[in-house]
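This is what each chain is made of:
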Amino acid sequence: MTGMARAFWLESPGRGAIRDVELSAPAADEVLVRTLYSGVSRGTETLVFGGRVPENQYAAMRAPFQEGDFPGPVKYGYLNVGVVEEGPADLVGRTVFCLYPHQTRYVVPAAAVTPVPPEVPAERAVLAGTVETAVNALWDAAPLVGDRIAVVGGGMVGCSVAALLARFPGVRVQLVDADPHRGKVAEALGVGFASPADALGGLDLVVHASATEAGLARSLELLRPEGTVLELSWYGDRRVALPLGEAFHSRRLTLRSSQVGTVSPARGATRTYADRLALALDLLADPALDALVTGESAFTELPDVLAGLASGEIPALCHRIRYPGD
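Note that the structure is a prediction, hence the values are computed from the model and not measured.

Chemist: Before we go on, may I ask you to explain the packing of aromatic side chains in this structure?
Modeler: Tallying each qualifying case throughout the model produces 6 aromatic pairs. Seen in terms of ring centroids, Phe 65 and Tyr 100 are 5.4 Å apart; in terms of plane orientation they differ by 35°. Their pairing is tilted. You can see Phe 65 sitting in the loop between helix H1 (42–49) and strand E4 (67–68) and its partner Tyr 100 sitting in the loop between strand E7 (95–98) and strand E8 (105–109), a full 35 residues away along the chain. Note on Phe 299 and Tyr 323: the rings are 4.9 Å apart at their centroids and 25° apart in plane angle, and the pair reads as stacked. With Phe 299 in the loop between strand E16 (293–298) and helix H8 (302–311) and Tyr 323 in the segment after strand E17 (318–322), this pair connects stretches of sequence that are 24 residues apart. Residue Phe 299 shares its accessibility class with Tyr 323, and that shared class is buried.

Structure below.
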């Protein structure tokens, strides 16, 4: 045995706890990682915390190193940054990102970790999983030079998409959110900001990430004829109604989905999951992305933190979890 570790488990919907877990010694092709930071993916993880994963989505929603099953007990999460303590010589001592839940130490195949570039701080690298989602979304959306674009929904995913779009030449990008406080985040990312009522219309592309029925309907309204809405929201067990009987057909609008579980077909022949994650980590060299981390707590506080995030008591984009240094 390598020793003991501690992990966050959702015991039942709305109730989390820290459990002790035993670790086996890593095999020749495995690594032992000591966690430095993890991130709470507020949208997905609060749905899991509230027990709102539909039964027919249990398999699709499994995280790579999940233990247990929905609705609980389950160990869930996928934004983990740590340092390799044991394993292949070229990885020992390296800071790595892994799609692993909230746990102080863990053993995984060496192929499951991705080294964090030296220019990317470990604190920022917890965003890699979300920036990876944004990369896949833009591979699906394929924006063009000079496009007029809005991102509706200023959560963690929406802000990540807006941050990457800000790098496109000649593109006008506006972040749209009902919360005026998101205006400061938009400013830090270098994009415009508007409330839903004041958003600019006549758009070539709208990326929707608010996970609300009203946000999706407003996204369709903002398009020019033959424009496209790319839907990134995941609604859990909620049903969504849309005004498709109005101008949807006459204006020849397009509504398409995107999700991170598969590499975009537009890139699937030439890019792998590893390529996509490595690209996301490279993009995190931009310090502007620090604006997406809006809070930090100690690992021992995680049960209360997730309850606060799920209830809305703790407002956040990405909430970072700090681990003990022992």
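Chemist: Explanation requested: the sheet that holds strand E13 (residues 203–208) in the structure shown.
Modeler: Two pairing modes exist for strands in a sheet, parallel and antiparallel, and in both the strands are linked by backbone hydrogen bonds. What the 6 strands build is an open sheet, ordered E12-E11-E10-E13-E14-E15; its pairing is parallel. Looking at strand neighbours, the two that pair on one side only are strand E12 (192–194) and strand E15 (254–257), the edges of this open sheet. Between one strand axis and the next, the sheet turns through 20° on average, direction left out of account. The pairing of strand E10 (residues 148–152) with E13 spans 4 bridges and is classified as parallel. Counterpart to Ala 150 in the pairing with E13 is Val 206. Sitting on the sheet, helix H5 (residues 182–189) is in contact with strand E11 (172–176) and E12, with an inclination near 165° to E12.

Chemist: Explanation requested: the packing of helix H3 (residues 128–141) against helix H4 (residues 156–165) in the structure shown.
Modeler: If you want to describe how two helices pack, look at the angle between their axes and the distance between the axes. Where H3 meets H4, the axes come as close as 8 Å, and the angle between the chain directions of the two elements is 60°. Considering the angle they form, H3 stands oblique to H4. The handedness of the crossing between H3 and H4 comes out as right-handed. On the side of H3, the interface is formed by Thr 130, Val 131, Thr 133, Ala 134, Val 135, Ala 137 and Leu 138, while H4 contributes Met 156, Val 157, Ser 160, Val 161, Leu 164 and Leu 165. The residue inventory of the contact of H3 with H4, partitioned by class, reads 10 nonpolar, 3 polar and no charged.

Chemist: How should helix H7 (residues 273–283) be read in this particular structure?
Modeler: For an α-helix, the turn length of 3.6 residues means that residues three or four places apart are oriented alike. Turning to H7, its buried residues number three or more, namely Arg 276, Leu 277, Ala 280, Leu 281 and Leu 283. Buried residues in H7, looked at end-on, bunch into an arc of 160°, giving them a common side. Looking at the buried residues of H7, the elements they touch are E7, strand E9 (113–115), helix H2 (122–125), H3 and H4.

Chemist: Before we go on, may I ask you to explain the pairing of strand E14 (residues 223–231) in this structure?
Modeler: The two faces of the sheet receive side chains in turn, since in a regular strand these alternate between them. The pairing of E13 with E14 spans 5 bridges and is classified as parallel. Bridge assignment links Leu 205 to a residue of E14, and that residue is Thr 228. Read from E13 through helix H6 (residues 213–221) to E14, the crossover connection turns out right-handed.

Chemist: Explanation requested: the packing of H3 against H7 in the structure shown.
Modeler: Put simply, H3 and H7 touch, their axes get as near as 8 Å, and they point 110° apart. In terms of orientation, H3 and H7 fall into the roughly perpendicular class. Viewed along their axes, H3 and H7 form a crossing whose handedness is right-handed. Between H3 and H7, the contacting residues are Ala 128, Val 131, Glu 132, Val 135, Asn 136 and Trp 139 on the first element and Tyr 273, Arg 276, Leu 277, Leu 279, Ala 280, Leu 281 and Leu 283 on the second. Its residues placed into classes, the contact of H3 with H7 shows 10 nonpolar, 1 polar and 2 charged.

Chemist: Explain the nonpolar core here, please?
Modeler: One recurring pattern in soluble globular proteins is that nonpolar side chains are buried together. Residues Leu 127 and Val 161 are the most contacted members of the largest nonpolar core, which totals 70 residues. Per-element tally for this core: the top contributor is H3, with 8 residues. In contact with Leu 127, other than residues within four places in its own chain, are Met 156, Leu 284, Leu 289, Leu 292, Val 293 and Cys 318. One finds Ala 150, Ala 194, Ala 199 and Leu 223 within the second-largest nonpolar core, a separate group that totals 15 residues.

Rules used in this analysis
Residues numbered from 1 in each chain as written. Predicted model: local features only at pLDDT ≥ 70, side-chain atom pairs only at ≥ 80, totals over all residues. Heavy atoms only, no water. Phe/Tyr/Trp six-rings, centres within 6.5 Å; stacked < 30°, edge-to-face > 60°. Helix = DSSP H or I, 4+ residues; strand = E, 2+ residues; numbered from the N terminus. Buried < 20%, exposed > 50% of the residue type's maximum accessible area, 1.4 Å probe, protein only. Pairing = 2+ DSSP bridges. Axes fitted to C-alpha atoms, helices over the stretch in contact; angles between N-to-C directions. Contact = heavy atoms within 4.5 Å. Parallel < 35°, antiparallel > 145°, perpendicular 65-115°, else oblique. Left-handed = near helix turned anticlockwise from the far one by under 90°. Nonpolar A, V, L, I, M, F, W, Y, C, P; charged D, E, K, R; others polar. Arc of directions from axis to C-beta. Right-handed = clockwise from strand over helix to strand, strands pointing away. Core = buried A, V, L, I, M, F, W, Y, C linked by side-chain atoms within 4.5 Å.

In short, the description is geometric, and any link to function would need to be established separately.
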